[in-house]
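Structural features, examined
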Amino acid sequence: MRDFASAYFTMNETDAAEYVRERLNIFAEDADLECREIGDGNLNYVFKVTDLNSGQSIIVKQAGPVARISDAFKVSPDRNRIESEILALQGELAQGFVPKVYSYDPVMNCCVMDDLSDHEIMRSALLNHKKFPLFADQITTFLARTLLLTSDVVMGHKEKKGRVQQFTNPELCEITEDLVYTEPFYNCEQNDVFEGTKEFVHQTIWNDRELALETAKLKFDFMTKAQSLLHGDLHTGSIFIKEDSVKIIDPEFAFYGPAGYDIGNVVANLIFAYVHASYTIKEEKRKNEYLQYLEETISQVIELFSRKFLELWDEAVTEQTATVPGFKEWYVDSILEDTAAAAGLELCRRVIGIAHVKDLTSISDEENRVEAEKICVTAGKAFILERASIRSGNDFVKVLRRSVDQFSKGAINHDNTSNSHSISTAG
Ligand code: SR1
Ligand code: MG
């Protein structure tokens, strides 16, 4: 029998099944346990353990002292504690939006949670051009509640500072500081730009001193603005979805930062899906419908977030100075400015930096991929530089459309009255 109590070791499938049998009281005594490692991320191991008798299943997520992709990549296993604790908290603040956590084990650096196999990863679903009409409403409930209810507007300030300590996450934040805020904006060797896109990135990103200044300011905001408890990595690969349900997973990058960071990541990843669809749906009518659906979703995410945040503010505010007329509007405005900035950073870094998204890498025609990447970088740069004037859902869609127009070789089918919008798939 393995010793799970004394010292950490990286489990294999047999170990994880034994761990569940020995350490947890979840399955029946006579359970016939099968275990499969199903993780496909960069950092952790994810085991799905199923009782073949009952069909019941759970997930064991283990975080080692090095990333699964490389032993050279040292990253604190404390991220597993942070993930378990924020999931428990978010489960209270935004009920039904995160998996239930059954246990956290600080020796084995693993937590055990609900299996969400009846959902699918949202990025994959969007790459298959599926629509989720309830998504904007669902994600904005999650965002408004988790971002406002963990802030100084609502929490006692000493309690909030305790939370800042609890969720101080220096190593994972450093990854974001490097991969999102620094490397993409400099010509450094860690970057990984598609050959055909390189010259464009050189000219429009690395040679732009104004952009370097603005991204430097944003990096310092990210490091110092302990506004809300963030998920910290809210891309569409961190969202499990089905027709009537959304579950937010993988909050291991959680920490106290600018609220707009989470919202901007959602918006940017909807834009990746939009650009992917533009180059992969061949039939014009289907493509127009899908792009319109994504534009509406982007716009609704902004509009519904603003509305729900302001409504919840009136119910939940406890800080006296935050009730001064005009303050909440100023506050939400600054979140939207940070949202635009974060969307821009994510759009640039997924093209230029080391962590890519399948939305772009799976575009098989090279010319189309370059065009798609130029659209993302152009929109990203505009979101960053113009963030002070981007406030409404329509403002976000306008930046996207403008960037598409610049690179679509005149093949776009705009019809502003019907809001239809299409890019030719011709290379
Ligand atoms: C080494 S981790 C690379 C990226 O994957 C995570 O999901 C974060 O987005 C991070 O930037
Ligand atoms: Mg992740």
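Rules behind the numbers
- Residues numbered from 1 in each chain as written.
- Chains lettered and ligands numbered in written order.
- Predicted model: local features only at pLDDT ≥ 70, side-chain atom pairs only at ≥ 80, totals over all residues.
- Heavy atoms only, no water.
- pLDDT = per-residue confidence, 0-100.
- Contact = heavy atoms within 4.5 Å.
- Buried < 20%, exposed > 50% of the residue type's maximum accessible area, 1.4 Å probe, protein only.
- Helix = DSSP H or I, 4+ residues; strand = E, 2+ residues; numbered from the N terminus.
- Pairing = 2+ DSSP bridges.
- Axes fitted to C-alpha atoms, helices over the stretch in contact; angles between N-to-C directions.
- Left-handed = near helix turned anticlockwise from the far one by under 90°.
- Patch = residues over 30% accessible without salt bridge, like charges linked within 9 Å, V, L, I, M, F, W, Y side chains within 5 Å.
- Areas by Shrake-Rupley, 256 points an atom, 1.4 Å probe, with all protein chains shown as cover.
- Salt bridge = Lys/Arg side-chain N within 4 Å of Asp/Glu carboxyl O.
- Lys, Arg positive; Asp, Glu negative; His and termini not counted.
- Charge placed at Lys NZ, Arg CZ, Asp CG, Glu CD.
- Near = heavy atom within 4 Å.
- Polar contact = N/O pair within 3.5 Å; in protein donor to acceptor, adjacent residues only side chain to side chain.
- Nonpolar A, V, L, I, M, F, W, Y, C, P; charged D, E, K, R; others polar.
- Expected span 1.5 Å × (residues − 1).

**Structural notes on the confidence of the model for the chain**
Keep in mind that low pLDDT regions are not for reading the predicted coordinates in detail. Per-residue confidence for the chain averages 95 on the pLDDT scale, and 96% of its residues sit at or above 70. This stretch, residues 416-427, has a pLDDT under 50; its non-local contacts, to residues over four places away or in other chains, come to 54 contacts.

**Overview of the pairing of strand 7 (residues 110-114)**
Across the 5 residues that make up strand 7, a large majority, 4, are buried. For strand 3 (residues 57-62) and strand 7, the ladder comprises 5 bridges, and the chain directions are antiparallel. Residue Val60 lies in a different strand from strand 7, and its bridge partner there is Val112. The turn linking strand 6 (residues 101-105) back onto strand 7 is made up of 4 residues, and Asn109 within it adopts a positive phi angle of 50°.

**A look at the packing of helix 10 (residues 284-316) against helix 11 (residues 327-352)**
Two elements in contact, helix 10 and helix 11, have axes whose closest approach is 11 Å; the angle formed by their N-to-C orientations is 145°. The two elements helix 10 and helix 11 cross, and the hand of that crossing is right-handed. In this structure, helix 10 uses Ile302, Phe305, Ser306, Phe309, Leu310, Trp313 and Asp314 to contact helix 11, whose residues at the interface are Phe327, Lys328, Tyr331, Val332, Ile335, Leu336 and Thr339.

**Some thoughts on a negative patch on the surface**
Taken together, Glu13, Glu29, Asp30, Asp32 and Glu34 make up a surface patch of like negative charges. For Glu29, the location among the structural elements is in the loop between helix 1 (13-23) and strand 1 (33-37).

**Here we look at the site of ligand 1**
Taken together, Asn42, Phe73, Leu179, Asp233, His235, Phe253, Arg349, Arg350 and Ala355 form the complete shell of residues around ligand 1. In the model, an oxygen atom of ligand 1 is placed 3.2 Å from a nitrogen or oxygen of the Arg350 side chain. Protein contacts shield 90% of the accessible area of ligand 1, which totals 320 Å² for the unbound molecule. Classifying every residue of the shell around ligand 1 gives 4 nonpolar, 2 polar and 3 charged.

**What to know about helix 11**
The end-to-end C-alpha distance of helix 11, which contains 26 residues, comes to 37 Å, matching closely the 38 Å that a straight helix rising 1.5 Å per residue would cover. Most of helix 11 sits inside the fold, with 21 of its 26 residues counted as buried.

**Description of the sheet that holds strand 8 (residues 120-121)**
Across the sheet, which stays open at both edges, the 3 strands sit in the order 8-10-11 with antiparallel pairing between neighbours. Of all strands in the sheet, those with a lone pairing partner are strand 8 and strand 11 (245-248), marking the two edges. In this sheet, strand 10 (residues 239-242) lies alongside strand 8 in antiparallel orientation, the contact comprising 2 bridges. From the neighbouring strand, Ile121 faces strand 10, where its bridge partner is Phe240. Lying over the sheet, helix 4 (residues 135-149) contacts strand 10 and strand 11, oriented at roughly 40° with respect to strand 11.

**Things to note about the side chain of Thr146**
Inspection of the secondary structure assignment puts Thr146 in helix 4. Of the residues examined, Thr146 reaches a relative accessible area of 2% and is grouped as buried.

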